[in-house]
Amino acid sequence: MEKANKQHKVLRHLKFTRLCAWLLSFFAIFPLRQSFNYGEALSKSLLYFESQRSGRLPYNQRVVWRYHSGLADGLEQGVDLVGGYYDAGDNVKFGLPMAFTITMLSWSVIEYSEQISGAGEHEHALEAIKWGTDYFIKAHTHPHVLWAEVGDGDTDHYCWQRPEDMTTSRQAYKVDENNPGSDIAGETAAAMAAASIVFRKTNPRYSHLLLHHAEQLFEFGDKYRGKYDESVKVAKGHYTSVSGYMDELLWAGLWLYKATGDEGYLNYVIENAHIIGKTTKFGVNAFDDLNFFILSLQLLAGKSHKKHQHILKEYRSRAEYYLCACLNKNNVTNVQRTPGGLLYIRQWNNMQYVSTAAFLLTTYSDHLQASNQRLQCDQGTLDPSDIFKFAKSQVDYILGYNPMGMSYLVGYGARYPERVHHRGASIESYKGQKDFIGCMQGYDTGYSRQGPNPNVLTGALVGGPDMKDQFRDERENYMQTEACTYNTATLVGVFAKLHRQEKDYLSANPSSFANSR
C-alpha cells in the first residue's frame, strides 16, 4: 500500500512537472496577455505624421524636435513645392506613397469618424490629411502636370543628415503629357477625392477645390497613360510601380464615384475591371498594388447595382479570397504566419502588409455585419466577429503581445525600438543643437551612435520582426527598424474602433479591470 502511494505521488509529481514545462514553453512564446490602451496608440499614431512633415512647421507643431526644412523645394523649377511629407527615415518626398498615405488616412476618417472624434483626435486626423493635400494642390500646377518627387533616393541615401541641414539634391521631377504617370496621377486623384469627402462638412470650399483637382488628375492619368517610374526614373529602386497603373486609375475612379455619385465613374471601374489580372499576389508593396483595395468595391459603392452584379460578384470573390488567405482558410494559397501568429509576406518592412490587412479585415467585417452576411472560405464560414478578432490579434501583436514582448509602435508601451533607422530622430534636435551637421558627419553623430536615438519617433510603425518573430533593434538593420508613413496610416481607423469597443465594454462592465499598457 505504501509503495502504491509512493508511485502515485511520483506520477502526480511527474504530471505536475510536465504541466509546468508546458506552461513555461507557452509563456516563452507569449507573454502574459494584457489589454491595450488603443486610445493612446491612436493619439501616438497621428503624432507620427508631425515628425514626417516637410516645409514650414505651424505654431501648433507638437513634435518639438523637428524644425522648418525644405523651404526652397521647387525653387529651381520655378514652382512652390514646400510642404508635404518625408516618406520614411530619409529626406525625399516621394509622391506615390505620400498619396497612398493620405488616401488611407482619409478612408479611416470616413469609416471611423465618430470613433476618432470620441477619442478626441478628429482635428489631429484632419490636420494630418490636410498637410498632404495642401502639398498636392501645389504639386498639381496644370491640369496635365503633376510634380511627382522632390529629391532623389540615390544622392539622399549617400548622406545622413537631419532634414533641417540637408545638402543633397532637391531637384523636382514631374509627369506631364510627354512623360506620363498614370499611377501617381491616379493615386493622387484618389487621395484628393477621398479627402474631399472628409472636408465636405467642415470646409466645403476646400472640399470642392480638392474634388476639382481630383477630377483633372484622373482625366490626365487616363488620357495620357504610362508608368510614372518610366518618366521619373529616379523613382526606380525606391518606389517602383510594379503593379502597373490600371489599379490606381480604377482606385481613383472608385473614389471619385464615392465623392460625386456620378455613375460615369462607377461605369469606368466596371468596364475596365477585366484589365486587372486575376492572379492574387501577396508580395507586392501595399502602397503600389491596389487590387485588394479595389476589391472592396461593394463596400465603398454603398448601394446595389443589379446590372453590374456579375462584375461585382467577381470583385467580391477575389476580395474574399484575399481575406480567407489572411485567415488561413483557403485550400491552396494562404498568407504565411510567424510562430507568434503575425502575417508574414517578406523580410523588408513586413508591417506594411500587416497593418494593411488589419484595416481591410476590420472594414470588411463591418460591412458584413451591417449587411448581415458571413465570409465564405474553402475551409469554412466565418462570422464578422471572427474576422475582426483576427484583425485585433494582428494589432495586439504590434502593440506588444508577441514573443519578443515588444511594441513595434515606437513610443508605445514599456519596450519599443529605440534605434529606429531615421535621420532626424538619430541626431540631436536642431532646436537644441543648431550647429550644421554635414553629409558624412551625420554618420558619426547619428547613424553610428551606440545608444538609443535622442529623439523618439513616436507613433511610427517599424518594419517589424522576421519570420521567426525575432527583431534586432539596430539602426543599420533598416529592413526591420525603418518606419514608413503608409505603415501607420492604415492603423488609425483600426485603433479608433478598438478604442471605442474597449470603452463601450468597460462602460457596460464597470467592475472589469483592464491592465492598460
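Reading guide: rules and limits
- The residue numbers shown here count from 1 along each chain, following its written sequence.
- In keeping with the predicted nature of the model, local features appear solely for residues at pLDDT of at least 70, side-chain atom pairs appear and are counted solely at 80 or more, and the whole-chain, interface and lining totals rest on all residues.
- Only hydrogens and water are set aside when side-chain values are computed; all heavy atoms of the structure are taken into account.
- Each residue is placed in one exposure class: buried if its accessible area under a 1.4 Å probe, protein chains only, is under 20% of its type's maximum, exposed if it is over 50%, and partly exposed if it falls in between.
- Working definition: helices are DSSP H or I runs of at least four residues, strands are E runs of at least two. Numbering for both runs from the N terminus.
- Here, any two strands with at least 2 DSSP bridges between them count as paired.
- Any carboxyl oxygen of Asp or Glu that lies within 4 Å of a side-chain nitrogen of Lys or Arg is treated as forming a salt bridge with it.
- Any two rings among Phe, Tyr and Trp, with Trp reduced to its six-membered ring, count as a pair given centres within 6.5 Å; such a pair is stacked if its planes are under 30 degrees apart, edge-to-face if over 60, and tilted if neither.
- Note on criteria: charge over ring means Lys NZ or Arg CZ within 6 Å of the ring centre, with the direction from the centre no more than 35 degrees off the ring normal.

Participant: Before we go on, may I ask you to explain the pairing of strand β2 (residues 146–150) in this structure?
Facilitator: The side chains of a regular strand alternate, first on one face of the sheet and then on the other. Judged by how many residues are buried, β2 sits mostly within the fold: 5 of 5 residues are covered. In terms of strand pairing, strand β1 (residues 93–94) meets β2 through 2 bridges, oriented antiparallel. Looking at the pairing, Lys 93 lines up with Val 150 of β2. Sheet analysis places β2 next to strand β3 (residues 172–175), joined by 4 bridges and oriented antiparallel. Bridge pairing in β3 places Trp 147 opposite Lys 174.

Participant: Whenever I open this one, the pattern of salt bridges confuses me. Can you help?
Facilitator: Oppositely charged side chains are able to pair whenever their charged atoms sit close together. Under the criterion given, the structure shown has 20 salt bridges. The partner of Asp 222 in a salt bridge is Arg 225, and the shortest N-O contact between them spans 2.6 Å. The partner of Asp 229 in a salt bridge is Lys 236, with the nearest N and O atoms 3.8 Å apart. Owing to a relative accessible area of 0%, Asp 229 belongs among the buried residues under this scheme. Through salt bridges with shared partners, one network takes in Lys 227, Asp 229, Glu 230, Lys 233 and Lys 236.

Participant: It is not clear to me how unusual backbone geometry should be interpreted in this structure. Could you clarify?
Facilitator: In most cases, non-glycine residues show a negative phi, while peptide bonds are predominantly trans. With a phi close to 60 degrees, Asn 328 is a non-glycine residue in the positive phi region. Mapped onto the elements, Asn 328 comes out in the loop between α13 (309–326) and α14 (351–370).

Participant: Which parts of the structure should I look at to understand the packing of aromatic side chains?
Facilitator: Across all of its chains, the model carries 21 aromatic pairs by this definition. Taken together, a centroid distance of 6.1 Å and an interplanar angle of 40 degrees make the contact between Trp 160 and Tyr 443 tilted. Placement of Trp 160 in the loop between α5 (153–158) and β3 and of Tyr 443 in helix α17 (residues 441–447) is noted, with a sequence separation of 283 residues between them. Across this residue pair, the class does not change: Trp 160 and Tyr 443 are buried. Linked through ring pairs, Trp 107, Trp 251, Trp 255 and Phe 359 together constitute an aromatic cluster. Cation over ring: Arg 53 sits above Trp 131, and NZ or CZ is 4.5 Å from the ring centre. Directly above the aromatic system of Phe 388 lies the positively charged group of Lys 497, at a separation of 4.2 Å from the ring centroid.

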